[in-house]
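# Report on the structure
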Amino acid sequence: MGRAEERRARQRGGRRAAPRPRRPLPAEAGGPAATAPAAATPAAAGRPAAAGKPAKSLIRRIFGWKKILGTFFGVCLLGILGFVGLYLYVDVPEGNAAARQQSNVYKYSDGTILARKGEVNREIVDLSKVPRKVQLTFVAAENKSFYHDSGVDFRGTARGLINTLSGKGKQGGSTITQQYVKNYYLNQDQTVTRKLKELVISLKVDREKSKDDILAGYINTSYYGRNAYGIQAAAQAYYHRDAQDLSVAQGAYLAALLQAPSQYDWAVATKTGKRLVKERWNYVLDNMVEEGWLSKTERNSLHFPYPEEPKGAPGLGGQKGYLVELANQQLEQQLMTQEGLTQSQAENAVIDKGWTITLNISRKKQSALERAVKTQLTGKLDPKKRKVDGDIQAGAASVDPKTGRIVALYGGQDYYKHYFDNATRRDYQPASTFKPVILAAALEQNATTQDGKPITADTVYDGTSRRQVLDHGSPVGFAPPNEDDVDYDKITVQQAMNKSVNSVFAQMGVDVGMDKVMSTAGRLGMDTKGMQPVPAQTLGSMGASPLEMAGIYATFANHGYRVTPTIIKSAENKGRSVEMPNPVGGSVISRTAADTVTSVLTGVVDDGTAQESVAGNPLRDGQQVAGKTGTSDENKSAWFTGYTPTLVTSVGLFGEDPKTKAHVSMKGATGLLKPPGRINGGGYPAKIWAAYTFGVTSRATFDLNTTQGAAVAPVETPSWTHTPTRTPSQTPTSEPPTSTSPSETPSQTPSRTPSQTPPTQTPPTQTPTSRPPTPSLTPENPLDPQDDQQQ
């Protein structure tokens, strides 16, 4: 063996290679191979058959490249044969989308009919009636290669199939042809069978019909929102004109709508929705320039075409339209979550598709809420006498805190007259109704003041108006004024909640940490996306809806278990039932924290800003109540969100210019308030709340696990020893005696009975809610309830 062979042998295994065998001689030549015994061979001797060629492993013998390649081509062949078979098997069905539309039936919780909605608002128009550039806006929005492709986006369809099989559900991109087939011939189901049928039918439709026929079918069958099917109905719904009169800019807006009709409807869109639809509108026009369908000059001259005010659908007058719309939205959201539908697909799957939807709405409570709004507010408005009366909008939501069911809702005076639902709108500030969230965060985080004292209901703060907020001794550049710029000097947290003292809660928010405050708000149910954790948020300067605030307070009432209000009791369609999520979730704050907030909020009712309208209401009959008032800057909104042990209701009043929709002041509305005529949370909102709530609830008692707050009977030993220095007018009626200082004269004592006895006497056990409201504020008090200037 040569050196090279030895080196190769060492590389193979370190063994000396056996000498290469000589080629055997043919047997007929008489060579040794003809007569050698079989046992003489290496294999027979038990040695490896070829020391220079190692044996193949089991994996290599099973997964050889030839086998893998053969398997791959076999699968491809089976797939091709399967698709050919499917193509031959599936026929293009008869399309009649309008005939497939069925009425949705909406019922009250007791099963009686609320509304039946299903009249299809559709008028088919010939493509020749639609301006050419308007046609192209839809192509630019959805499928730029429409005029050149085969009608199918194979990559998008494959992605959709993979997503469906993996459980993700959402469909990949599809062509105009595929969307037309789905709308006209099939449905919105996210199944492999439906997607394969869509693929085959789209290929056949693309071969059998012209591109113009397909485009006409697409724009005539799509849903645009506002109960409008097809471009003619959409043109009327959004611009009050025929499709043939649409401009390019208007066509681009309608094309943009198809991605998310309700989210992009300018009349009801959120700030995010408005931003997104403008971006989509620009995207459509930019694509037209890119494809050479629109000149840059014309593109630059176009301005966003704001749509006209919507009109309510037939049969949905009064409150019915608001109830139906919220039910549709919640069902669509569940289908998006459960089946992976896009928003557009979900709307198409719900609107007029034969659903039977039973709501949680109680006929009795719904009627009572509508009556309360009319008797306490709208019946006193006269826009002919006072222009400001025409600016007043009311919204309310009522929730069962134990079940999360929305039992009554007030969206506006009439769905036909005000399309925007005031119960769900989030564009007005909740103001001081946010203060309980700050207290909840402080209690949950075991937060302390700047000098290290735990924050409780009895903690003393400086209530001076415009006091500079400090962060460990350093000013943070925020010094909010109190209502009417009133100074309160030293004041407890309970008293500060009763009087809604801005300076106290601004400091408390910084003491807790605004990031923790906003985190707590999010856990309680507030949509905090995009909100900055800055001290100004302590004034409730963010946007929120009555329904949202009702959910937050319901979580307090439910001892810290998250309540997400739902209007749907059940939803069925052709034997199929959609399971709605449980409105009551897990604990998001401790029971002690939630119950302490409830206890403190009883003081707002009995001794604070809601005392006159709620505590002193003759219908109360001993009912226990917790709640908070709120009045925003410039009197543009006013709130009362309150609850009994069995019912939570949030009422909001909003100043809205009926033409421009701008937020305006409500000051002077009804003409019944003394100057300056400010609408406060403790006024009309609290009166609506009381008239409704006391009419539909029975006396019940809060089951609280706390030793703090106004709902806790005063103890013989005070929990804090600060000697008050404030004037008599700054002593709220809900506070127990906190000191035996001789400087406190009888006129300075609270109206609570225990405070009228010697400090050593055992106080009565009755709770604040059981005593009659006895105003003890002196005439010089700047927050005299008779002046209706509470916040």
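Residues numbered from 1 in each chain as written. Predicted model: local features only at pLDDT ≥ 70, side-chain atom pairs only at ≥ 80, totals over all residues. Heavy atoms only, no water.

## Concerning helix H25 (residues 684-696)
The test is simple: Only DSSP runs of H or I covering at least 4 residues are called helices, and only runs of E covering at least 2 are called strands; the numbering of each starts at the N terminus. Expected helix span is taken as 1.5 Å per residue step, with the number of steps being one fewer than the number of residues. Each residue's exposure class comes from its accessible area (1.4 Å probe, protein chains only) as a fraction of the maximum for that residue type: buried when under 20%, exposed when over 50%, partly exposed otherwise.
Its 13 residues place the ends of H25 19 Å apart at the C-alpha level, agreeing with the 18 Å of an ideal helix rising 1.5 Å per residue. Most of H25 is tucked away, with 10 of its 13 residues classed as buried. Those residues of H25 lying buried are Tyr-684, Pro-685, Ala-686, Ile-688, Trp-689, Ala-690, Tyr-692, Thr-693, Phe-694 and Val-696.

## Points about the pairing of strand E11 (residues 568-573)
Where we set the bar: Pairs of strands are assigned from DSSP output, requiring at least two bridges between the strands.
Two elements, strand E3 (residues 356-359) and E11, share four bridges in a ladder whose sense is antiparallel. Bridge pairing in E11 links Leu-359 to Ile-568. Bridging between E11 and strand E12 (residues 576-577) involves two bridges; their strand directions are antiparallel. Residue pairing for E12: Asn-573 is matched across the bridge by Arg-576. Where E11 hands over to E12, the hairpin turn is made up of two residues, of which Lys-574 adopts a positive phi near 55 degrees.

## Here's the deal with unusual backbone geometry
The residue after Pro-675, namely Pro-676, is reached through a cis peptide bond having omega 10 degrees. Within the secondary structure, Pro-676 is located in the loop between strand E16 (648-655) and H25. Residues other than glycine seldom take positive phi values, yet Ala-431 does so here, at roughly 55 degrees. When its relative accessible area of 1% is taken as the criterion, Ala-431 is described as buried. For His-472, which is not a glycine, the phi torsion comes out positive at approximately 55 degrees. We classify His-472 as exposed; its relative accessible area is 66%.

## As for the pattern of salt bridges
The condition that has to hold: By definition here, a salt bridge exists when the distance from a side-chain nitrogen of Lys or Arg to a carboxyl oxygen of Asp or Glu is within 4 Å.
Per the counting criterion, the structure on display carries 25 salt bridges. When the shortest N-O distance is used, the salt bridge between Lys-661 and Glu-309 registers 3.8 Å. Here Lys-661 is found in the loop between E16 and H25, whereas its partner Glu-309 is found in the loop between helix H14 (296-301) and helix H15 (320-339), with 352 residues between them in sequence. With a closest N to O distance of 2.8 Å, Glu-656 and Arg-425 form a salt bridge. Of this pair, Glu-656 sits in the loop between E16 and H25 while Arg-425 sits in the loop between strand E5 (406-410) and helix H18 (435-444), placing them 231 residues apart in sequence. We classify Glu-656 as buried; its relative accessible area is 2%. Owing to a relative accessible area of 2%, Arg-425 belongs among the buried residues under this scheme. A cluster of three or more residues bridged by salt bridges with shared partners is formed by Asp-149, Asp-206 and Lys-211.

## A few points about the packing of helix H22 (residues 546-557) against helix H23 (residues 591-607)
Operational definition: Lines fitted to the C-alpha atoms define the axes, with helices restricted to the stretch that makes contact. Angles between their N-to-C directions range from 0 to 180 degrees. Note on terminology: angles under 35 degrees are roughly parallel, angles over 145 are roughly antiparallel, angles of 65 to 115 are roughly perpendicular, and the others are oblique. Whether two residues touch is decided by their heavy atoms; if any such pair falls within 4.5 Å, the residues are in contact. Just so you know the grouping, Ala, Val, Leu, Ile, Met, Phe, Trp, Tyr, Cys and Pro go in nonpolar, Asp, Glu, Lys and Arg go in charged, and all remaining residues, Gly too, go in polar.
Where H22 meets H23, the closest approach of the two axes is 7 Å, and the angle between their N-to-C directions is 105 degrees. Here H22 is positioned roughly perpendicular relative to H23, judged by the angle of their axes. Within the contact between the two elements, H22 uses Tyr-553, Thr-555, Phe-556 and Ala-557 and H23 uses Ala-594, Val-597, Thr-598 and Leu-601. Taken together, the residues of the contact of H22 with H23 break down into six nonpolar, two polar and no charged.

## As for the nonpolar core
Note the cut-off: What is meant by a nonpolar core is a set of buried Ala, Val, Leu, Ile, Met, Phe, Trp, Tyr and Cys residues, joined one to another through side-chain atoms within 4.5 Å.
Core analysis: the biggest nonpolar cluster contains 90 residues, and Leu-331 and Met-508 have the highest contact counts within it. Other than its neighbours up to four places away in sequence, Leu-331 contacts Val-350, Trp-355, Ile-357, Ile-568, Ala-571, Val-578 and Met-580. With 54 residues, the next largest nonpolar core counts Phe-138, Ala-237, Ala-243 and Trp-266 among its residues.

## What to know about helix H11 (residues 248-257)
Judged by how many residues are buried, H11 sits mostly within the fold: 10 of 10 residues are covered. Looking at the packing, one finds that the buried side of H11 touches helix H5 (132-142), helix H10 (231-239), helix H12 (261-264), helix H13 (271-290) and H14.

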